[in-house]
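Chains, contacts and geometry: an overview
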Amino acid sequence: MELDPDLPKVNVVGSDIGRVILNLVNNAFYAVNEKAKSGIEGYKPEVIVSSKKTENGIQISVKDNGNGIQDTIKEKIFQPFFTTKPTGSGTGLGLSLSYDIVKAHGGKLRVESFPVSEAVLGREGSEFVIDLPL
């Protein structure tokens, strides 16, 4: 956890934004667990939740060092019923509903990802960022 102790208050439905964060954290745990199963020597799973003040509001980030998301599917992940998980493991509604909840709060949900095959300067994994206005 890397949380800014001096965040301003934002007008949100706490339980809804809590669901979004929980979904993002669950997905991050899934990603690092899948990578850990691959047996990469020296791999240490890491999930970081952070928050900070921005010019126009606050930013909440959930970052992992999992396998990342391929560019070919990155633009689909917020679509209803799209999932990268095996059959029975995911409904494909988590990110879609999360995106809609953040948007309903006047915010944005975006992803930056560095798949292992395309890792940039040692960066790998995914970071989901929620921007909420003041």
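Quick look at the structure, then. Position labels on residues start from 1 in each chain and follow its written sequence. With pLDDT at 70 or above as the cut-off, local features in this predicted model cover only qualifying residues; side-chain atom pairs require 80 or more to be listed or tallied, and sums for whole chains, interfaces and linings still use all residues. Note that the side-chain values use all heavy atoms of the structure and ignore hydrogens as well as water.

Next up on the list: the overall build of the chain. Starting at the N terminus, helices and strands are each numbered in turn, a helix being any DSSP run of H or I of at least four residues and a strand any DSSP run of E of at least two. Per the secondary structure count, the chain includes three helices and four strands. Overall, the chain shows an N-to-C arrangement of helices and strands of α-β-β-α-α-β-β. Exposure classes here rest on a 1.4 Å probe applied to the protein chains alone. A residue is buried below 20% of its type maximum, exposed above 50%, and partly exposed in between. Looking at the 134 residues of the chain, the share that counts as buried comes to 34%. Contacts between residues were defined by any pair of non-hydrogen atoms, one from each residue, lying within 4.5 Å. The contacts of the chain with a sequence gap of at least 6 include a subset with a gap of at least 24, amounting to 63%.

What follows deals with the side chain of His-105. Along the chain, His-105 falls in the loop between α3 (94-104) and β3 (108-114). Overall, His-105 belongs to the buried group, its relative accessible area being 17%. Non-local contacts of His-105, meaning those with residues more than four positions away in its chain, are made with Asn-11, Val-12, Val-13, Asp-16, Ile-17, Leu-132 and Pro-133.

Below, the discussion takes up α3. Leu-95, Ser-96, Ser-98 and Val-102 are the residues of α3 that are buried. Around the axis of α3, the buried residues are gathered within 165° of arc, so they sit on the same side. Buried residues belonging to α3 abut α1 (14-37), β3 and β4 (125-133). Residue Gly-106 follows α3 closely and has a positive phi angle near 80°. Read the arc as the range of directions from the helix axis to the C-beta atoms.

Moving on to the layout of surface pockets. The space that makes up the second largest pocket amounts to roughly 190 Å³. In this analysis a 1.4 Å probe is tested at points of a 1 Å grid over the protein atoms alone, and where it fits but cannot get out there is a cavity; an open set with protein on both sides within 12 Å along at least five of seven lines is a pocket; lining residues have an atom within 4 Å of a point. In terms of lining, the second largest pocket is formed by 13 residues, of which the most central are Leu-7, Ile-21, Ser-51, Ile-58 and Ile-60. Contributing elements (two or more residues each) for the lining of the second largest pocket: α1, β1 (47-53) and β2 (57-64). At three residues, the largest contribution of residues to the lining of the second largest pocket is made by β1. In this classification, the charged set is Asp, Glu, Lys and Arg, the nonpolar set is Ala, Val, Leu, Ile, Met, Phe, Trp, Tyr, Cys and Pro, and all remaining amino acids, among them Gly, are polar. Of the residues in the lining of the second largest pocket, the class split is eleven nonpolar, two polar and no charged. Grid points are joined across faces, edges and corners, and a volume is the space filled by probe spheres set on the points.

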